[in-house]
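Residue-level structural notes
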Amino acid sequence: MSQAVDAVEVIATKRDGGQLSNQQIDWVIAAYTRGEVAEEQMSALAMAILLNGMTRAEVFRWTEAMISSGVRMQLAPQALGGRPTTDKHSTGGVGDKITLPLAPLVAACGAAVPQLSGRGLGHTGGTLDKLESIAGWRATLTGDEFMAQLREVGAVICAASDDLAPADKKLYRLRDVTGTVESIPLIASSIMSKKIAEGTGALVLDVKVGSGAFMKDLGRARELAETMVALGTDHGVRTVALLTDMQTPLGLTAGNALEVRESVEVLQGGGPADVVELTLALASEMLEAAGLAGVDPADRLQDGSAMDVWRRMVQAQGGDPDAPLPEARETHSVPAPADGVLVGLDAHAVGVAAWRLGAGRARKEDPVQAGAGVVMHAKPGATVRGGEPLFTLHTDTPERFERAAEVLSAAVVIAPEGSSPDLPPLVLDRVVAR
Ligand code: URA
């Protein structure tokens, strides 16, 4: 049992640029989770961490303490019909529906994918919100249901239970209202405590970079990726990260049911080229990390086996994969302002437009509209004609069209015909353990 430590002393250590001891970290996280460290004390400590950072040893121990605040799941391959576990986490972006085709695809290749996901907040969508647009689908499973589905279907996407890293739930809420979200050690320990507690043996991180992402510049994204890869590795999880572009939205849709439709197209062997490319790149990384590098995920996408797993995965959680997806009551077309080549399509603006149309929420308890969102008719590099549709906006509440169209008007850059945009590759870099 850890000895009582004084909260003010812990805050002062970090305020003065010192290194927190293991005992201080274990105590402060456990006492905060129990309600014995006050919210104002934890806010002061979070701000001191944001300003002064943490060493690798401190972030490791902080993450360890957050994992120990709840349960750590055991997912031995023997309990899963021999399937090794492998998971993916994305730091979030606009139109990022990759988990939907990816989880069944990787399961179709022989791995088990235990994906605990969240709901969206702000301009990026949440995987559970997307799946909840499927009639009957439920996000909450019991522990036994989770294990049975993982063993029999190979993929589960569901909500994390309350006893998984409860310290993080409390701390994340506090950081959200105290301007302390943007600390790399706090982000890394928050994400990794949940992923390590989930029990996966291998993990691939998709760290997004650009206007539609949490990390706007490559340097900070790389630092976050390196911190998370080190944390996973230090905890015995085979972890790699891809840094991927989020200057432009992924695919041609942003919005819950619209993104499910696009994901199903990918599982049918079609879909936008960027969504297919990233799905396959992440699948290859997940399989390699799980020791299944010999399997080609492109084959499983083309031969329909990933689609079969998707259908079984949806049905296992009460969903009807054949039910028509909800559609918004109203649509509105936004035309291209001029002839030329589309050279810029700002991800953040598209995300804000989808959010304003009702696809996202401002506060955790807000409802989302399943059918709301933005359909893009062109991506950078395409030739567009002035007056022809560039976007179609979808919502149940048409009074939202004007504000959504307004943000989109600033999202588009059109260059004279014959121009060729300087587009970054989708996968910008790969970060491995050092
Ligand atoms: N997502 C998380 O889970 N935690 C953070 O701190 C930031 C993003």
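All figures in this text were calculated on a predicted structure; none of them were measured in a lab. (Residues numbered from 1 in each chain as written. Predicted model: local features only at pLDDT ≥ 70, side-chain atom pairs only at ≥ 80, totals over all residues. Heavy atoms only, no water.)

Let us now look at the overall build of the chain. The number of helices and strands found in the chain is 16 helices and 13 strands. Computed over C-alpha atoms, the radius of gyration of the chain comes to 22 Å, within 12% of the 22 Å expected from 2.2 N^0.38 for 434 residues, which places it in the range of a compact globule. Within the chain, contacts between residues at least 6 apart in sequence are counted, and of these 79% link residues at least 24 apart. Carbon and sulfur atoms form 51% of the exposed surface of the chain, whose accessible area is close to 17,500 Å². The averaged location of the 55 negative side-chain charges in the chain is 3 Å from the averaged location of its 39 positive side-chain charges. (Helix = DSSP H or I, 4+ residues; strand = E, 2+ residues; numbered from the N terminus. Rg over C-alpha atoms; globule rule 2.2 N^0.38 Å. Contact = heavy atoms within 4.5 Å. Areas by Shrake-Rupley, 256 points an atom, 1.4 Å probe, with all protein chains shown as cover. Lys, Arg positive; Asp, Glu negative; His and termini not counted. Charge placed at Lys NZ, Arg CZ, Asp CG, Glu CD.)

Within strand 5 (residues 238-245), seven of the eight residues are buried, which leaves it mostly tucked inside the rest of the structure. Here eight bridges tie strand 4 (residues 202-209) to strand 5, and the two strands are oriented parallel to one another. Each bridged residue has a counterpart across the sheet, and for alanine 202 the counterpart in strand 5 is arginine 238. Alignment of strand 5 against strand 13 (residues 427-431), held across four bridges, turns out to be antiparallel. Bridge pairing links alanine 241 to valine 431 in strand 13. (Buried < 20%, exposed > 50% of the residue type's maximum accessible area, 1.4 Å probe, protein only. Pairing = 2+ DSSP bridges.)

Right, let's talk about the sheet that holds strand 8 (residues 340-345) for a bit. Read from one edge of the open sheet, three strands run 10-8-12, paired in antiparallel fashion. The open sheet has two edge strands, strand 10 (383-384) and strand 12 (412-415), and neither has a second partner. Here strand 8 pairs with strand 12 via four bridges, running antiparallel. Its bridge partner being in strand 12, leucine 345 is matched across the sheet by valine 412.

Our focus in this paragraph is the packing of aromatic side chains. Counted under the stated rule, the structure contains zero aromatic pairs. Above the ring of tyrosine 32, the side-chain terminus of lysine 170 is found at 4.3 Å from the ring centroid. (Phe/Tyr/Trp six-rings, centres within 6.5 Å; stacked < 30°, edge-to-face > 60°. Lys NZ or Arg CZ within 6 Å of the ring centre and 35° of its normal.)

With that settled, the discussion passes to the site of the ligand. In the vicinity of the ligand, the residues found are Tyr172, Arg175, Ile187, Ser190, Ile191, Lys194 and Phe214. Within the side chain of serine 190, a nitrogen or oxygen atom sits 2.6 Å from a nitrogen atom of the ligand. Here lysine 194 contributes a side-chain N or O atom positioned 2.5 Å from an oxygen atom of the ligand. Its free accessible area being 240 Å², the ligand has 86% of it covered by the protein chains. The dominant element in the shell around the ligand, judged by the number of residues it contributes, is helix 9 (residues 184-197), at four residues. For the shell around the ligand, the per-class residue count stands at four nonpolar, one polar and two charged. (Near = heavy atom within 4 Å. Polar contact = N/O pair within 3.5 Å; in protein donor to acceptor, adjacent residues only side chain to side chain. Nonpolar A, V, L, I, M, F, W, Y, C, P; charged D, E, K, R; others polar.)

Another aspect to go through is the side chain of asparagine 256. Along the chain, asparagine 256 turns up in helix 11 (residues 256-267). When its relative accessible area of 3% is taken as the criterion, asparagine 256 is described as buried. A polar side-chain atom of asparagine 256 sits 3.1 Å from the main-chain carbonyl oxygen of alanine 359. For asparagine 256, the contacting residues outside a window of four places in its chain are Gly126, Asp129, Lys130, Ser133, Ala359, Val368, Gln369, Ala370 and Ala372.

Attention now goes to the domain arrangement of the chain. Looking at the chain, the domain boundaries give domain 1 (1-72 + 162-194), domain 2 (77-161 + 195-322) and domain 3 (330-415). Its C-alpha centre places domain 2 at a distance of 25 Å from the equivalent point of domain 3. Taken together, the contact between domain 2 and domain 3 spans 24 residues of the former and 27 residues of the latter. Taken over both partners, the interface formed by domain 2 and domain 3 buries close to 1,800 Å², and the fraction arising from carbon and sulfur atoms is 60%. Its largest share of buried area at the contact with domain 3, domain 2 owes to His123, Leu252 and Leu258, together 27% of the area lost on that side. For the pair domain 2 and domain 3, the number of links is two salt bridges. The salt bridge involving lysine 379 is made with aspartate 274; its shortest N-O contact spans 2.7 Å. Linking domain 2 with domain 3 are eleven residue pairs in polar contact (both at pLDDT 80 or more), by the criterion used here. Of all elements in the fold, only strand 6 (253-254) and helix 11 reach the threshold of two or more residues within the side of domain 2 that touches domain 3. Here the element with the most residues in the side of domain 2 that touches domain 3 is helix 11; it accounts for three residues. Along the lines of polarity and charge, the residues of the side of domain 2 that touches domain 3 split into nine nonpolar, twelve polar and three charged. (Domains from an automatic or database assignment. Buried area = accessible area lost by both parts, 1.4 Å probe. Salt bridge = Lys/Arg side-chain N within 4 Å of Asp/Glu carboxyl O.)

All chains considered together, the criterion is met by 25 salt bridges. We note a salt bridge from arginine 56 to aspartate 234, for which the minimum N-O separation is 2.9 Å. In this pair, arginine 56 sits in helix 4 (residues 56-68) while aspartate 234 sits in helix 10 (residues 218-234), placing the two residues 178 residues apart along the sequence. The partly exposed category is assigned to aspartate 234, whose relative accessible area is 34%. In this structure, aspartate 206 and lysine 208 form a salt bridge, with 2.8 Å as the shortest nitrogen-oxygen distance. Grouping residues by exposure puts aspartate 206 and lysine 208 together as buried.

Before going further, it helps to examine the nonpolar core. Counting residues in each nonpolar core, the largest one holds 74 residues, and the members touching the most others are Val106, Trp310, Val350, Val374, Phe391, Leu393 and Leu408. Mapped onto the domain boundaries, this core takes at least three residues apiece from domain 2 (77-161 + 195-322) and domain 3 (330-415). Once you skip the residues sitting within four places of it in the chain, valine 106 turns out to touch Thr86, Ala111, Val113, Ala283, Met286 and Leu287. Grouped together as the second largest cluster of nonpolar side chains are 59 residues, Ile67, Ala167, Leu174 and Leu186 included. (Core = buried A, V, L, I, M, F, W, Y, C linked by side-chain atoms within 4.5 Å.)

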